[in-house]
Amino acid sequence: MEIAVGRGLQVLAFSGSSFHGKTSVAVKSINWTARTGPSLRPCTTVVQAQQRPIWLPGLDPPPYLDGTLAGDFGFDPLGLGEDPESLRWYVQAELVHARFAMAGVAGILLTDLLRVTGIRDLPVWYEAGATKFNFASTRTLLIIQLLLMGFVETKRYMDFLNPGSQAKPGTFFGIEAALEGLEPGYPGGPLLNPLGIAKDIKNGKDWKLKEIKNGRLAMVAMLGIFVQASVTHVGPIDNLIEHLSNPWHKTILQTIAASSS
């Protein structure tokens, strides 16, 4: 049977987007004409290609962000990660800031809720640092915090430079086995991973993605809490209660307008 392809060729392309973490799909529809004997027959070929989700659909991510990192959506408008060593450091820095932000948001909201409801007599979060304690002076607490945090952060930095070096016997007061260093940034073990989540950290991509997404959201929330405190001079629960008391007239726009007047 003789088949001849016609001269006309039309290509229609459609690129799908990524929703709810699903991978976007690029679809190309190719319309062409084939001659089968004396007759012409229109034909359509549809080609699908899976693409990774990126922060702006249709934008090509930089080559050094190839999707292997947790939470990599190709976002680096300033090109900070072009150097591989700098990218390694930025990954660890974001992870640590994300964890501090998640702990900070949870602590601020919990203590503020206890304060507003009257369950505990606590200061508003931005005045908590000025609280005096009977068991130790502020200077003593500061020195202890600097020593403990300095020790832990130094160990973390040493493990970053030489992965696995801080899990060797005798490097952490004999409790190295309880930490079970998995990889830089993920110490694990019964002390820091008591529920045993993602013990196989190499295959724990879903848990890493969930952590970094929640951490990024917490960092944005912390920025919002800082701005709220600077503008309104009250805690986040007080702001929420005031907004709910009159949702149409107690919004961020009215608050900013009142503070600037």
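Just so you know, these numbers come straight off a predicted model, no measurement behind them.

Some details on the overall build of the protein
Piece 1. If you tally the helices and strands in the protein, you get seven helices and three strands.
Piece 2. Ordered by position from the N terminus, the helices and strands of the protein form the series β-β-β-α-α-α-α-α-α-α.
Piece 3. When burial is assessed residue by residue, the protein has 21% of its 261 residues classed as buried.
Piece 4. Carbon and sulfur atoms provide 64% of the accessible area of the protein, an area that totals close to 18,700 Å².

Describing the UniProt feature "binding site: chlorophyll b" (unreviewed entry) in the protein
Piece 1. Per the UniProt record, the feature "binding site: chlorophyll b" (unreviewed entry) sits at Arg99 and Leu179.
Piece 2. Position of arginine 99 relative to the elements: it lies in helix H1 (residues 84–117).
Piece 3. In this structure, arginine 99 is in contact with Gly185, Tyr186 and Glu211, ignoring residues within four places of it in sequence.

Details of the UniProt feature "binding site: chlorophyll a 5" (unreviewed entry) in the protein
Piece 1. Annotation from UniProt places "binding site: chlorophyll a 5" (unreviewed entry) at Arg216.
Piece 2. Mapping arginine 216 onto the fold places it in helix H5 (residues 205–232).
Piece 3. Not counting the four nearest positions on each side in its chain, arginine 216 is found in contact with Ala70, Gly71, Phe73, Glu94 and Ala98.
Piece 4. Within the structure, the side chain of arginine 216 is placed 2.7 Å from the side chain of glutamate 94, a separation counted as a polar contact.

A word on the pattern of salt bridges
As a working rule, side chains carrying opposite charge can pair if their charged atoms are close by.
Piece 1. The tally for this structure, following the rule as stated, stands at seven salt bridges.
Piece 2. The shortest N-O distance in the salt bridge between aspartate 238 and arginine 115 comes to 2.7 Å. One end of the pair, aspartate 238, is in helix H6 (residues 236–245); the other, arginine 115, is in helix H1, and 123 residues separate them in sequence.
Piece 3. In this structure arginine 115 comes out as partly exposed when scored by relative accessible area, which is 23%.
Piece 4. Lysine 250 is paired through a salt bridge with glutamate 242; the nearest N and O atoms lie 3.6 Å apart.
Piece 5. Its relative accessible area of 37% is what places lysine 250 among the partly exposed residues.
Piece 6. Owing to a relative accessible area of 39%, glutamate 242 belongs among the partly exposed residues under this scheme.
Piece 7. Via salt bridges that share partners, Asp112, Arg115 and Asp238 belong to a single interconnected network.

What about the packing of H1 against H6?
Piece 1. The N-to-C vectors of H1 and H6 enclose an angle of 65°; their axes lie 8 Å apart at closest approach. Contact residues: Ile108, Leu109, Asp112, Leu113, Arg115 and Val116 in H1; Pro236, Ile237, Asp238 and Ile241 in H6.
Piece 2. Each residue belonging to the contact of H1 with H6 can be placed in one class, and the counts come to seven nonpolar, no polar and three charged.

A look at the packing of aromatic side chains
Piece 1. Applying the stated criterion across every chain yields a total of seven aromatic pairs.
Piece 2. Between tryptophan 89 and phenylalanine 160, the aromatic rings sit 5.2 Å apart at their centres with planes inclined by 70°, giving edge-to-face as the arrangement. Here phenylalanine 160 lies in helix H2 (residues 138–161) and tryptophan 89 lies in helix H1, a separation of 71 residues in the sequence.
Piece 3. For tryptophan 89, a relative accessible area of 36% gives the class partly exposed.
Piece 4. Relative to tyrosine 126, the ring of tryptophan 125 lies with its centre 5.6 Å away and its plane at 85°, an arrangement referred to as edge-to-face.
Piece 5. Through a chain of ring-to-ring contacts, the aromatic side chains of Trp89, Tyr157 and Phe160 assemble into a single cluster.

Brief notes about H6
Piece 1. Restricting attention to buried positions, one finds in H6 the residues Pro236, Ile237 and Asn239. End-on view of H6: buried residues confined to an arc of 155°, all on one side of the axis.

Notes on H5
Piece 1. An ideal rise of 1.5 Å per residue puts 40 Å on 28 residues; H5 measures up with 40 Å between its terminal C-alpha atoms.
Piece 2. Those residues of H5 that sit buried are Lys208, Ile212, Gly215, Ala218, Met222, Ile225 and Ala229.
Piece 3. Where H5 is buried, its residues meet H1.
Piece 4. Directly after H5, the chain includes histidine 233, whose backbone phi takes a positive value near 60°.

Rules behind the numbers
Residues numbered from 1 in each chain as written. Predicted model: local features only at pLDDT ≥ 70, side-chain atom pairs only at ≥ 80, totals over all residues. Heavy atoms only, no water. Helix = DSSP H or I, 4+ residues; strand = E, 2+ residues; numbered from the N terminus. Buried < 20%, exposed > 50% of the residue type's maximum accessible area, 1.4 Å probe, protein only. Areas by Shrake-Rupley, 256 points an atom, 1.4 Å probe, with all protein chains shown as cover. UniProt positions renumbered as here; feature names shortened; annotations may be inferred. Contact = heavy atoms within 4.5 Å. Polar contact = N/O pair within 3.5 Å; in protein donor to acceptor, adjacent residues only side chain to side chain. Salt bridge = Lys/Arg side-chain N within 4 Å of Asp/Glu carboxyl O. Axes fitted to C-alpha atoms, helices over the stretch in contact; angles between N-to-C directions. Nonpolar A, V, L, I, M, F, W, Y, C, P; charged D, E, K, R; others polar. Phe/Tyr/Trp six-rings, centres within 6.5 Å; stacked < 30°, edge-to-face > 60°. Arc of directions from axis to C-beta. Expected span 1.5 Å × (residues − 1).

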